[in-house]
Amino acid sequence: MRGSVVVMVVVAAVVVCSWGNVQMASADTSPSQCKEERNLLVNACRPVIYGRSPSANCCQRVRVSHVECVCPYVTPKTASIIGAIGVDNVVKKIEGCGRTVPRKFKCGSITTP
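The numbering scheme is per chain: residues are counted from 1 as the chain's sequence reads. Totals for whole chains, interfaces and linings use every residue, but because this is a predicted model, local features are given only for residues with pLDDT of at least 70 and side-chain atom pairs only at 80 or more, for both listing and counting. Excluding hydrogens and water, the side-chain figures rest on all heavy atoms present in the structure.

## Notes on the overall build of the chain
For the record, the criterion: A run of H or I in DSSP counts as a helix once it spans at least four residues, and a run of E counts as a strand once it spans at least two, with each numbered from the N terminus. Here the term buried applies to any residue with accessible area under 20% of the maximum for its type, exposed to any over 50%, and partly exposed to those in between, with areas from a 1.4 Å probe on protein chains only. By definition, residues are in contact when any of their heavy atoms lie within 4.5 Å. Accessibility throughout is a Shrake-Rupley quantity obtained with a 1.4 Å probe, and a residue counts as covered only by protein chains that appear here.
If you tally the helices and strands in the chain, you get 6 helices and 2 strands. Reading the chain from its N end, one meets helices and strands in the order α-α-α-α-α-α-β-β. Within the chain, the fraction of its 113 residues that count as buried is 42%. Across the chain, contacts joining residues at least 24 apart in sequence account for 83% of those joining residues at least 6 apart. In the structure as shown, the chain presents an accessible area of about 6,100 Å², 55% of it carried by carbon and sulfur atoms.

## Looking at helix H2 (residues 31–45)
Here is the rule we go by: Multiplying 1.5 Å by the helix residue count minus one yields the expected span of that helix.
A rise of 1.5 Å per residue sets the reference length of H2, with its 15 residues, at 21 Å; its end C-alpha atoms lie 21 Å apart and thus fit the reference within 8%. For H2, the set of buried residues is Cys34, Glu37, Arg38, Leu41, Val42, Ala44 and Cys45.

## Notes on the environment of arginine 103
With respect to the helices and strands, the residue arginine 103 is situated in the loop between helix H6 (87–95) and strand E1 (106–107). Arginine 103 sits in the exposed class, given a relative accessible area of 65%.

## Considerations on the confidence of the model for the chain
The criterion, for reference: pLDDT is a residue-level measure of predictor confidence that goes from 0 to 100.
For the chain, the average pLDDT comes to 74, and 67% of its residues sit at 70 or higher. The lowest-confidence element of the chain is helix H1 (residues 2–18), averaging 54 in pLDDT; the highest-confidence one is H2, averaging 91. Note that pLDDT drops below 50 for residues 17–22; the model gives that stretch 27 contacts with residues more than four away or on any other chain.

## Considerations on the environment of lysine 92
With respect to the helices, strands and loops of the structure, lysine 92 is situated in helix H6. What makes lysine 92 exposed here is its relative accessible area of 58%.

## Concerning helix H3 (residues 56–64)
Our working rule: This arc is taken over the directions from the axis of the helix to the C-beta atoms.
Restricting attention to buried positions, one finds in H3 the residues Cys58, Cys59, Arg61 and Val62. Viewed along the axis of H3, the buried residues span an arc of 160°, placing them on a single side of the element.

## Section: the state of the cysteines
The test is simple: Disulfide assignment relies on a single distance test, namely cysteine sulfur atoms paired within 2.5 Å.
Applying the stated rule across the entire model yields 2 disulfides. Two residues, cysteine 34 and cysteine 69, share a disulfide whose sulfurs are 2.0 Å apart. Because the sign of the S-S torsion sets the handedness, a value of about -55° for the bond joining cysteine 34 and cysteine 69 places this disulfide among the left-handed ones. With cysteine 34 in helix H2 and cysteine 69 in helix H4 (residues 67–70), the pair connects residues that are 35 residues apart, well separated along the chain. As far as burial versus exposure is concerned, cysteine 34 and cysteine 69 are alike and both buried.

Structure (structure tokens):
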């Protein structure tokens, strides 16, 4: 269970730091579709927690994931863990995806610098 929480924390940090163009879920995105998006994102980006750069597949998942499917899972506890990891470190990894980091973007309990 702890491993999946850590993966979700890192994935949330990746997502928070990678939305140059925020992808909004359409009104017809169901809870089950959002859950599937999160699962695909977590699985694609799992190596990031081990210090690896995001893979092409991870970057693709970050680009297509909807903010409404991910941000509700960025709780105060998740935000504190991301803060301990260092958003700057996450940003450096995300730059490998060719994404700009939005300033002052709020996702759950995190606002980017």
